[in-house]
Amino acid sequence: MIDPHDGGAGREPLQQAEVVEDGPALRTELIHIARTTVARGLNVNKSGNVSVRCARGGIEGFLITPTAIDYRDLTEQDLVFIGLKDGRCSGKKAPSSEWRIHLDILRARREFGAIVHTHSPAATALSCHGLDLPPFHYMIAVCGGPDVRCARYATFGTQELSDHALAALVDRKACLLCNHGSVGCGDDLAQALSIAQEVEHLAHIYLLARQLGDPLRLNDEQMRAVIESFRTSYGQR
Ligand code: 13P
């Protein structure tokens, strides 16, 4: 029985992400990443939300974008700190309506340090058909496994949506949210953004490929070889 709260399959959590201290530099970086989601076409106006794991006075938690404030207007003081243990918010503004997704992922998946949620067009189009991203391209493996699952639909901002997202993220760094968007997770803000962008790029290619019919899929063995290569040998040493 897979327990989404331990990241999947009862395995030991991966290495804990580094917990940095809340401070001006981290807040500036978070705002920069939120604005970058718009600059790169992953979000428009005020869609999506961003969080980063951090500590404040010995209390572990995370910073998150406030709800319904255009990223262009955000200041460092608008970000909200939420304690990981008690879920208590501190800040002048109300947190993103999706704070439960961020809280539940950062609680359950100690290896993640940041989360980027988007309404990026291709990923969202796919999610509107309730479709997973299958192993049609080897780069799917950067999201942690042979596919990117689409979480079941629930109203935005609900615990139900968070539960579905956590289940779809078992052994993965990303998922789609049915009729809604995508979630990307990483060690840090830059990585979470990169995963969200990779999901969007792959979804775009998949939608193009589907115009000629159902594309070829890599089999389990082929995907295992890619996942292993990403884990052990690919990249600069
Ligand atoms: P927030 O402004 O509350 O973060 O909501 C945006 C969003 O994308 C909800 O899923």
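First things first, this report covers the structure right here in the doc. (Residues numbered from 1 in each chain as written. Predicted model: local features only at pLDDT ≥ 70, side-chain atom pairs only at ≥ 80, totals over all residues. Heavy atoms only, no water.)

**Quick look at the environment of K173**
Relative to the helices and strands, K173 is located in the loop between helix 4 (159-168) and strand 8 (174-177). Along the chain, K173 and S120 lie 53 residues apart, while their C-alpha atoms are 16 Å from each other. Residues within four places of K173 in sequence aside, it is in contact with F112, V142, C143, V183, G184, C185 and I195. (Helix = DSSP H or I, 4+ residues; strand = E, 2+ residues; numbered from the N terminus. Contact = heavy atoms within 4.5 Å.)

**Description of the pattern of salt bridges**
Enumeration over the complete set of coordinates arrives at ten salt bridges. In this structure, D22 engages R27 in a salt bridge whose closest nitrogen and oxygen atoms are separated by 2.9 Å. A relative accessible area of 12% places R27 in the buried class. R110 is paired through a salt bridge with E60; the nearest N and O atoms lie 3.0 Å apart. Taken together, the residues span a long stretch of sequence, with R110 in the loop between helix 2 (99-108) and strand 6 (114-118) and E60 in strand 3 (residues 59-64) at a distance of 50 residues. Relative accessible area serves as the criterion here: at 23%, E60 is assigned to the partly exposed category. What you see here is one network of salt bridges that share partners, running through D22, R27 and R56. (Salt bridge = Lys/Arg side-chain N within 4 Å of Asp/Glu carboxyl O. Buried < 20%, exposed > 50% of the residue type's maximum accessible area, 1.4 Å probe, protein only.)

**Thoughts on the nonpolar core**
Counting residues in hydrophobic clusters, the biggest one holds 23 residues, and the most contacted among them are F62, I105, C175, L177, V183 and C185. Sorting the residues of this core by element identifies strand 3, strand 4 (80-83), helix 2, helix 4, strand 8 and strand 9 (181-186) as the ones contributing at least two each. A total of five residues in this core trace back to one element, the largest contributor, which is helix 2. When neighbours within four sequence positions are excluded, C175 is seen to be in contact with V148, R149, A165, A168, L169, S182 and V183. (Core = buried A, V, L, I, M, F, W, Y, C linked by side-chain atoms within 4.5 Å.)

**Observations regarding the site of the ligand**
As a matter of local geometry, the ligand sits amid K46, S47, G48, N49, T67, A68, S96, S97, E98, H117, H119 and H180. Within the side chain of K46, a nitrogen or oxygen atom sits 3.0 Å from an oxygen atom of the ligand. Here an oxygen atom of the ligand sits 2.7 Å away from a polar atom, N or O, in the side chain of E98. Broken down by class, the residue content of the shell around the ligand amounts to one nonpolar, nine polar and two charged. (Near = heavy atom within 4 Å. Polar contact = N/O pair within 3.5 Å; in protein donor to acceptor, adjacent residues only side chain to side chain. Nonpolar A, V, L, I, M, F, W, Y, C, P; charged D, E, K, R; others polar.)

**Comments concerning unusual backbone geometry**
Glycine aside, a negative phi is what most residues show, and trans is what most peptide bonds show. The phi torsion at N45 lies on the positive side, around 45°, for a residue other than glycine. Along the polypeptide, N45 turns up in the loop between helix 1 (24-39) and strand 2 (49-56). On the basis of relative accessible area, N45 is assigned to the exposed category, the value being 56%. Non-glycine residue N179 carries a positive phi angle of around 55°. Here N179 is to be found in the loop between strand 8 and strand 9.

**Regarding a negative patch on the surface**
Judged by side-chain charge, E18, E29, D187 and D188 come together as a negatively charged surface patch. Position of D188 relative to the elements: it lies in the loop between strand 9 and helix 5 (189-210). A residue is classified by how much of its surface remains accessible, and D188, at 36% relative accessible area, is partly exposed. (Patch = residues over 30% accessible without salt bridge, like charges linked within 9 Å, V, L, I, M, F, W, Y side chains within 5 Å. Areas by Shrake-Rupley, 256 points an atom, 1.4 Å probe, with all protein chains shown as cover. Lys, Arg positive; Asp, Glu negative; His and termini not counted. Charge placed at Lys NZ, Arg CZ, Asp CG, Glu CD.)

**Observations regarding the environment of Y153**
With respect to the helices and strands, Y153 occurs in the loop between strand 7 (150-151) and helix 4. Separated by 77 residues in the primary sequence, Y153 and E76 place their C-alpha atoms 32 Å from one another. In this view, Y153 contacts H164, C178 and N179; residues no more than four positions away in its chain are not counted.

**Structural notes on the layout of surface pockets**
Of the pockets and cavities examined, the largest pocket occupies roughly 460 Å³. Every residue lining the largest pocket is listed: M139, A141, V142, G144, K173, Q191, S194, I195, E198, I227, F230 and R231. Those elements that provide at least two residues to the lining of the largest pocket are helix 5 and helix 6 (220-232). It is helix 5 that contributes the most residues to the lining of the largest pocket, four residues altogether. (1 Å grid on protein atoms, 1.4 Å probe; cavity = no way out; pocket = protein on both sides within 12 Å on 5 of 7 lines; lining within 4 Å. Points joined across faces, edges and corners; volume = space filled by probe spheres on them.)

So, to be careful, I would describe these as geometric facts and stop short of saying anything about function.
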